[in-house]
Each structure stands twice: as C-alpha cells, then as structure tokens.
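Spelled out, the chains give:
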Amino acid sequence: MLWLLCGPCGAMDSQALVIRIKIPDGAAVDWTVHSAPQLLFRDVLDVIGQVLPDATTTAFEYEDEDGDRITVRSDEEMKAMLSYYYSTVMEQQVNGQLIEPLQIYPRACKPPGKRNIHGLKVNTRAGAGSGASEALPSNSLKKSSAELKKILANGQMNEQDIRYRDILGHGNGGTVYKAYHVRSGKILAVKVIPLDITLELQKQIMSELEILYKCDSSYIIGFYGAFFVENRISLCTEFMDGGSLDVYRKIPEHVLGRIAVAVVKGLTYLWSLKILHRDVKPSNMLVNTRGQVKLCDFGVSTQLVNSIAKTYVGTNAYMAPERISGEQYGIHSDVWSLGISFMELALGRFPYPQLAVPGGMSDLKVVLVCAL
Ligand code: ATP
Ligand code: MG
C-alpha cells in the first residue's frame with residue numbers, strides 16, 4: 001500500500017521509506033512508502049504521474065555521494081538506488097543524524113533503453129487509409145484532429161498559440177517538444193528545426209508539406225501544420241504518449257508482429273501516395289497508450305530534407321546500400337530499413353556489430369556526414 005503525503009518530512013521508521021519527489025519549479029512532495037521491498041519502478045512513475053500530471057515522465061534521477069545524478073529507468077536500477085540510499089541511512093544513524101528522505105528528480109526526456117513502462121499494447125485492427133478509428137474508445141482523437149485541421153485550414157497555427165512544455169527528444173535535425181495549443185486546448189508534438197534558408201526556399205517547403213494535410217491513415221502521424229519563425233521551422237503533429245520504439249529495447253515477438261502489421265500498413269499507405277518514407281527506423285515509429293502505432297518523419301519535402309542534410313551528422317545505420325552509394329532507390333530501400341529496424345526491435349540491440357570510429361566516437365554505428 002502506498003501513501004502520498006505532502007509536507008515536510010524528517011522522521012523515518014524502520015518500515016517506512018520517504019521519497020521526496022523534487023518538482024522542476026523547486027517545490028517537493030514527500031511520499032511515504034510503507035512496503036518499500038515491494039516497490040516497483042512503475043509504482044514510482046505512477047506517483048510521479050500524479051504529482052506532475054502534465055508531464056510525460058519516463059525515468060527519474062537521484063544524487064550519489066558526489067552530487068552526480070544517476071538515472072533510474074528499471075527495477076534493477078531502482079534496487080541499486082535503494083541499496084545506496086539505505087547505506088547512507090545507516091551512516092546517518094551511526095552518526096546520530098536526522099534521516100534524510102530519498103530525493104528523486106523526475107526526468108521528462110526519454111532515457112536510452114527504458115522498457116515498456118507505458119504498458120505498450122498494440123492494436124492493428126483499425127482500417128488503414130481511410131482514417132477509420134474503430135480502435136479508439138470514442139471519437140475523441142478523430143474530433144481533435146478535425147478541430148486542429150480546421151484551425152490549420154484557417155491559417156491559425158502559429159507560434160503565439162503554442163506553449164512549449166517538455167522536451168520529448170533531440171534528433172539530428174532538431175528538438176521535439178510536447179506543447180499545448182491554446183486555441184484548441186490540445187496537446188501537440190512540435191518539432192523545431194533550425195534552418196538558415198531564403199524566403200523562397202521557405203515557401204517551397206511549405207508548399208511541399210501540403211500533401212501532409214491530405215494524409216489520412218491511422219498508421220501515419222497526424223499533421224496539424226508548420227510555420228517558420230526567424231530561422232527555424234516548427235512542424236506540429238499529433239502527440240504520441242508512448243514515445244518512439246527505439247527506447248523499448250527487446251519487444252516480444254507476438255507484440256512485434258502486430259507492430260509490424262501497423263508499420264507495413266503505414267508504409268503501404270505512403271507508397272500509394274507516391275511518398276517514400278526515406279527514414280524508416282525505430283525512433284520514427286511512435287506508439288500511444290491506445291495501442292496505436294504510427295509512422296512519423298517521412299521525407300515528404302525534398303527541400304526540407306536537403307536543407308536539413310546540409311548540417312546533418314547522423315547515422316545511416318538503417319539506410320539501404322544503394323542509398324549510401326548514391327544510386328537510384330525506391331520502395332525496396334524503405335523495405336531494407338524496415339528489416340534492419342525490426343531485427344533491432346526483436347533482438348533488443350542493433351543487428352550488426354558496432355563500428356569503433358577513430359577519434360573517440362565509439363558509440364556510433366556508422367557515421368555519415370551528408371553533403372547532398
Ligand atoms: P533523427 O533526427 O535522426 O531522425 P530521431 O527520430 O530520434 O532522430 P527526432 O525525430 O527529432 O529524432 O525525435 C526525437 C524524439 O522525440 C523521438 O525519438 C521521439 O521519442 C520523440 N517524438 C518525436 N515525435 C513525437 C511525437 N509526435 N509524439 C511523441 N514523441 C515524439
Ligand atoms: Mg524522428
């Protein structure tokens with residue numbers, strides 16, 4: 001049984017563990033756990049979710065004796081944290097000091113390698129292509145997309161109406177934020193990419209992005225609009241509360257099979273519109289707690305892809321050989337990337353040995369500086 005207590009805390013008995021959840025604005029909430037041995041990582045995330053209902057918290061941190069922050073994203077890591085904490089408690093007891101609560105710091109950004117902490121469930125029953133949403137318990141998502149599309153059609157998607165909240169992740173091109181859209185009251189994901197380009201190119205990108213408004217599939221991320229402010233473009237899309245598949249590590253085969261169905265349906269839909277995805281990889285496959293799987297970040301605007309590529313230093317680990325060598329490529333190149341991605345998701349690691357790159361970049365799989 002877990003109790004959530006607010007207020008100052010200093011005392012601790014042998015059964016109770018007091019966890020002090022530090023909130024980003026400097027405040028703190030104390031939580032008394034009366035059955036610490038049974039405490040699971042997920043329980044802690046659930047309580048953080050009650051304390052910070054608007055944030056997507058996927059991990060938390062604690063401080064070691066040197067003040068370094070250690071990330072906790074699994075039961076094992078939590079055990080290590082508790083064992084470290086109890087050793088400090090013993091020291092405090094020996095020295096006759098007041099027992100300090102265990103301080104933790106919720107972390108909103110995705111950690112590398114968290115497990116299926118969202119209780120991922122996959123639903124591939126929804127019809128592709130038509131936007132049919134029979135997978136949804138109500139029409140709420142459909143309605144929200146419709147509302148947002150209406151806003152967009154009126155040219156109302158702009159920076160003033162967007163309140164940026166958490167950072168969902170950084171990619172090579174830019175940063176993705178969870179954001180609140182004031183006019184519709186909806187939560188969005190906004191990808192902000194710095195781009196130093198002419199007005200002419202900006203216009204070209206905006207017109208190339210127009211096809212995204214027509215995309216209507218339950219396997220493709222909903223697109224709400226884009227705008228330029230100074231030297232950066234913001235792309236507003238549907239927010240997926242389960243994040244991307246790259247952080248789920250090894251996914252059981254029966255779940256992965258269903259994910260594969262959704263991804264293939266998404267790709268088939270894009271190909272039917274003569275759009276190649278061009279960047280199929282686990283971080284571009286998003287999931288939500290409704291059990292939906294959707295593709296994002298497909299290369300619909302050649303100008304946008306080229307503009308990002310000029311400053312891009314990223315991985316081509318999922319890229320088909322014909323693309324790496326600059327030959328003509330097509331649907332089969334997306335299929336190659338799909339295969340590598342699913343091997344990774346099934347194995348829980350990238351399928352090929354990692355290459356050590358001289359100069360200390362040993363963590364990179366393959367490094368490519370695109371100069372397209
Ligand atoms: P790259 O830049 O090489 O494509 P990436 O796909 O990891 O790498 P981004 O596309 O910038 O980089 O995305 C960063 C992270 O933001 C993703 O890995 C994902 O976890 C998160 N993210 C992106 N779009 C959404 C969304 N619509 N809803 C929720 N999370 C998202
Ligand atoms: Mg991406």
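These figures come from a predicted structure and were not determined experimentally. (Residues numbered from 1 in each chain as written. Chains lettered and ligands numbered in written order. Predicted model: local features only at pLDDT ≥ 70, side-chain atom pairs only at ≥ 80, totals over all residues. Heavy atoms only, no water.)

Novice: Help me understand the overall build of the chain in this model?
Specialist: The number of helices and strands found in the chain is nine helices and 15 strands. Of all 372 residues assigned to the chain, the portion counted as buried reaches 47%. Across the chain, contacts joining residues at least 24 apart in sequence account for 62% of those joining residues at least 6 apart. Only carbon and sulfur atoms are counted for the fraction: they give 55% of the accessible area of the chain, which is about 18,900 Å². (Helix = DSSP H or I, 4+ residues; strand = E, 2+ residues; numbered from the N terminus. Buried < 20%, exposed > 50% of the residue type's maximum accessible area, 1.4 Å probe, protein only. Contact = heavy atoms within 4.5 Å. Areas by Shrake-Rupley, 256 points an atom, 1.4 Å probe, with all protein chains shown as cover.)

Novice: Is there a simple way to explain helix α1 (residues 41–51) in this structure?
Specialist: Because the α-helix completes a turn every 3.6 residues, residues three or four places apart line up on one side. Among all positions in α1, only Phe 41, Val 44, Leu 45, Val 47, Ile 48 and Val 51 are buried. Viewed along the axis of α1, the buried residues span an arc of 160°, placing them on a single side of the element. (Arc of directions from axis to C-beta.)

Novice: Looking at this structure, I do not really get the pairing of strand β2 (residues 17–22). What am I missing?
Specialist: The side chains of a regular strand alternate, residue by residue, between the two faces of the sheet. With five of its six residues buried, β2 lies for the most part within the structure. Both β2 and strand β3 (residues 28–33) contribute to a ladder of six bridges, which runs antiparallel. Residue pairing in the sheet places Ile 19 in a bridge with Trp 31 of β3. In textbook terms, the turn of a hairpin is the stretch between consecutive antiparallel strands, and for β2 and β3 this stretch comprises five residues, one of which, Gly 26, has a positive phi near 105°. Across three bridges, the pairing between β2 and strand β6 (residues 102–107) is parallel. In the strand pairing of β6, Ile 19 is matched with Leu 102. (Pairing = 2+ DSSP bridges.)

Novice: So what exactly am I meant to see when it comes to the coordination of the magnesium ion (ligand 2) here?
Specialist: When four donors bind a metal tetrahedrally, each ideal donor-metal-donor angle is 109.5 degrees, and when six bind octahedrally, the ideal angles are 90 or 180 degrees. In this structure, Asn 284 (OD1) and Asp 297 (OD) serve as the protein donors to the magnesium ion (ligand 2), at separations of 2.0 to 2.1 Å. With Asn 284 in the loop between α6 (253–272) and β12 (285–287) and Asp 297 in the loop between β13 (293–295) and α7 (302–309), the pair connects residues that are 13 residues apart, well separated along the chain. A relative accessible area of 3% places Asn 284 in the buried class. (Donors = N, O, S within 2.8 Å, 3.2 Å for Na, K, Ca; no water.)

Novice: Before we go on, may I ask you to explain the environment of Ile 70 in this structure?
Specialist: Take Ile 70: it is sitting in strand β5 (residues 69–72). For Ile 70 and Phe 60, which are 10 residues apart along the polypeptide, the C-alpha to C-alpha distance reads 8.3 Å. Residue contacts for Ile 70: discarding those within four places in its chain leaves Phe 60, Glu 61, Tyr 62 and Asp 64.

Novice: Can you walk me through the site of ligand 1 in this structure?
Specialist: Neighbouring ligand 1 are 22 residues; Asn 172, Lys 191, Ser 244, Lys 281 and Asp 297 lie closest to it. One nitrogen or oxygen atom from the side chain of Ser 283 is found 2.8 Å from an oxygen atom belonging to ligand 1. Within the side chain of Asn 284, an N or O atom sits 3.1 Å from an oxygen atom of ligand 1. The protein chains hide 93% of the 610 Å² of surface that ligand 1 would expose on its own. Counting residues per element, the ones that place at least two in the shell around ligand 1 are β7 (162–170), β9 (186–194) and β11 (232–238). Looking at the shell around ligand 1, its residues break down into seven nonpolar, nine polar and six charged. (Near = heavy atom within 4 Å. Polar contact = N/O pair within 3.5 Å; in protein donor to acceptor, adjacent residues only side chain to side chain. Nonpolar A, V, L, I, M, F, W, Y, C, P; charged D, E, K, R; others polar.)

This is a description of form; function is not addressed.
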